[in-house]
There are 2 protein chains.
Amino acid sequence: MVIKMTEIINKKLKNYILQLKGDTTELAKAMDYSLNAGGKRLRPQLVLEFAALCGGKPENALPIACAIEMIHTYSLIHDDLPCMDNDDYRRGKPSNHKRFGQSTALLAGDALLTLAFEVALNDEAVEKLGLEPARSCAFELAKAAGANGMCMGQALDLKHEGSKITAKVLEEIHAKKTGALISASCVMGCIAAEATVDEVEAARQYGQKLGLCFQIIDDVLDVTSTAETLGKPIGSDIASGKTTYVTLFGVDKCLKLADKLTTEALELLQSFNGNTEPLVNLTKTLLARDK
Amino acid sequence: MVIKMTEIINKKLKNYILQLKGDTTELAKAMDYSLNAGGKRLRPQLVLEFAALCGGKPENALPIACAIEMIHTYSLIHDDLPCMDNDDYRRGKPSNHKRFGQSTALLAGDALLTLAFEVALNDEAVEKLGLEPARSCAFELAKAAGANGMCMGQALDLKHEGSKITAKVLEEIHAKKTGALISASCVMGCIAAEATVDEVEAARQYGQKLGLCFQIIDDVLDVTSTAETLGKPIGSDIASGKTTYVTLFGVDKCLKLADKLTTEALELLQSFNGNTEPLVNLTKTLLARDK
């Protein structure tokens, strides 16, 4: 099911780019380059799986699933820019600005962020989701991505760059920087299926736990994986003097923490009446991933 | 009326920043710095005036009026970045990245773009506008700002940088880069007042003419004004070898063209039944402006 789902997501994402009138321009090429660079599609999968879990039709949630992947992709493009993390590689390929230049990369990020709201609010989305769920999803998206969510996480990260930080601050950074969008994915899936308030709340908490677990595993892989598997140089966090879960707690304790968070996330899934198997599998796969 | 209106807009914009939980952070400060740097508030004024013209309450359109100003402001912040126009000054003050650094400026732009959709889709906007007009306005906003609108205009501008271009290409660049957002302001005002399809169409065309006229006057002021009045160095377009309306046609022909567009814009206002006086005045003021 997971494979088939990512194929549907990939096809739809490609389609949105093809629909841009200027799809042969550098801008559309740059957007397409990063949007279709082999991402895991974790966030859209969460949208679709939570929609299914709450009794909705996953295909109706496809536009907002694509919208959140566009936002995730824009954040990676802007993150990689020289004035931010200055990363030359992403998923084993040159990062957007290495391939298209900084100005086009900047615009491609801006345009993907904007396109996310366009596809979440267009006639197709409204027809599939209904007017209020479409509005509500787009609103969740904006909150999660904005100045109290992902952008704030980035700003906190910048603020503490190069200085030792506590576990509490690190958790706050990741809760905003990664957690907000992952959590919003789960919430939007529920909204798309017109789930109950309790279900939405459980999904939000599940997403927060999964997001933190995801980040801890990322930090672990930075020291235990290989460059070939990760598609980017390993040990880069350590080399740059960055505080990570590994520098704070070491690999063993990180793995235990990830295990605990996974267990808690799985428990939250039990509050749902639907078939939790796909999400249980997805949760476990993320814990055991090697890239 | 114009003065009072800009005061209401300024107060509301300030309020949105104060509502950010992290309003004492660098990110919020950077957002506030550019959002409240003394802009003309042309776009929000157009939203409110068209709402009034079509029989709506301007105060109901205030959230979307602020949303479009946030998008305009983000575009200025990103435009000024070193990888784009590399401008050190904006409205007589250091540009955002000169004041806060490139990474914070990048994030402030991203966060303002995202906040625009948050305030256009939140409970207050939906209560004031109704669900479908709120959705429709946010959708217009995304289309106008995105890869077929403002971002495309920027991309076209980049593509032709340093090369001679025709009047047709220059017009296309400006129609996307400036025209799309100005036109959307007029359209959103109409939508907020639940105007007829014909009124929306007339507003769209009015906005396109006004947007082009606005740009032509900008090009003229770049050679005829003073640095003190403009708040930025004059002659910068000429110095950078940029093709402008002035380099293509000269100042006299530009003023005639601006006059013609203003007349056409004023004619379009005659299709409305409401009191056109405030918009007639606004249109004429823009033609006669010195900054």
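These numbers were taken from a predicted model, which means no experiment stands behind them.

Turning next to the overall build of chain A. Secondary structure summary: chain A contains 15 helices and two strands in total. Dimensions along the principal axes, computed over C-alpha positions, put chain A at roughly 50 × 50 × 30 Å. Across the 291 residues that make up chain A, the buried fraction comes to 54%. Counted over contacts in chain A with a minimum sequence separation of 6, partners at least 24 positions apart contribute 69%.

In this section: the interface of chain B and chain A. Between chain B and chain A, the contact holds 45 residues from the first and 45 residues from the second. Those elements that provide at least two residues to the side of chain B that touches chain A are helix H2 (26-35), helix H6 (102-121), helix H8 (131-145) and helix H9 (150-159) of chain B. The leading source of residues in the side of chain B that touches chain A is H6 of chain B, at 13 residues.

The next thing to look at is the relation of the copies chain B and chain A. In screw terms, the move from chain B to chain A is a rotation of 180° and a rise of 0.0 Å along the axis, fitting with an RMSD of 0.0 Å. On the angle and the small slide along the axis, the relation comes out as a two-fold axis. Scanning chain B for the C-alpha nearest the rotation axis identifies arginine 135 of chain B, at a separation of 3.2 Å. A share of 100% of the interface residues of chain B reappears at the interface of chain A, consistent with the copies meeting face to face through the same patch.

The next point concerns the environment of cysteine 186 of chain B. Here cysteine 186 of chain B lies in helix H10 (residues 167-192). Counting along the chain gives 13 residues from cysteine 186 of chain B to glutamate 199 of chain B, while the straight-line C-alpha distance between them is 10.0 Å.

On to the packing of helix H15 (residues 251-269) of chain B against helix H16 (residues 277-288) of chain B, then. All names here are of chain B. Relative to each other, H15 and H16 sit at 170°, their axes nearing to 10 Å. Classed by the angle they form, the pair H15 and H16 counts as roughly antiparallel. Along the contact surface, H15 presents Ala258, Asp259, Thr262, Ala265, Leu266 and Leu269, while H16 presents Leu279, Val280, Thr283, Lys284 and Leu287. Among the residues making up the contact of H15 with H16, the classes are represented as seven nonpolar, two polar and two charged.

Residues and elements named next belong to chain A. Considering the arrangement of structural elements, one finds cysteine 190 in helix H10 (residues 167-192). Its 29 C-beta neighbours within 10 Å are what place cysteine 190 among the buried residues. For the pair cysteine 190 and aspartate 85, spaced 105 residues apart in the sequence, the C-alpha separation amounts to 34 Å. Ignoring any residue separated from it by four or fewer positions in sequence, one finds cysteine 190 in contact with Phe50, Cys54, Ala195, Glu199, Val200 and Ala203.

Grouped together as the largest cluster of nonpolar side chains are 200 residues, with contacts concentrated most on Ala120, Ala138 and Leu141 of chain A together with Ala120, Ala138 and Leu141 of chain B. Ignoring any residue separated from it by four or fewer positions in sequence, one finds alanine 120 of chain B in contact with Pro63, Ile64, Ala67, Ala125, Ala134, Cys137, Ala138 and Leu141 of chain B.

As a further point, take unusual backbone geometry. Residue arginine 91 of chain A is not a glycine yet carries a positive backbone phi of 50°. In this structure, arginine 91 of chain A sits in the loop between strand E1 (89-90) and strand E2 (93-94).

A separate point is the confidence of the model for chain A. Considering every residue of chain A, the mean pLDDT works out to 93; 97% of them sit at 70 or more. Across the predicted assembly, pTM comes out at 0.95 and ipTM at 0.95.

Attention shifts here to the environment of leucine 158 of chain B. Here leucine 158 of chain B shows up in helix H9. For the pair formed by leucine 158 of chain B and isoleucine 173 of chain B, sequence separation is 15 residues and the distance between their alpha carbons is 9.9 Å. If we ignore the near neighbours within four places in the chain, the residues touching leucine 158 of chain B are Ser103 and Thr104 of chain A.

By the criterion of burial, helix H9 (residues 150-159) of chain A is predominantly enclosed, with nine of the ten residues buried. Turning to H9 of chain A, the residues buried within the fold contact helix H4 (62-80), helix H8 (131-145) and H10 of chain A together with H2 and H6 of chain B.

The rules behind the values
- Residues numbered from 1 in each chain as written.
- Chains lettered and ligands numbered in written order.
- Predicted model: local features only at pLDDT ≥ 70, side-chain atom pairs only at ≥ 80, totals over all residues.
- Helix = DSSP H or I, 4+ residues; strand = E, 2+ residues; numbered from the N terminus.
- Buried ≥ 20, exposed ≤ 12 C-beta atoms within 10 Å, placed from the backbone.
- Contact = placed C-beta atoms within 7 Å.
- Least-squares fit on C-alpha atoms with pLDDT ≥ 70 in both.
- Axes fitted to C-alpha atoms, helices over the stretch in contact; angles between N-to-C directions.
- Parallel < 35°, antiparallel > 145°, perpendicular 65-115°, else oblique.
- Nonpolar A, V, L, I, M, F, W, Y, C, P; charged D, E, K, R; others polar.
- Core = buried A, V, L, I, M, F, W, Y, C linked by C-beta atoms within 7 Å.
- pLDDT = per-residue confidence, 0-100.

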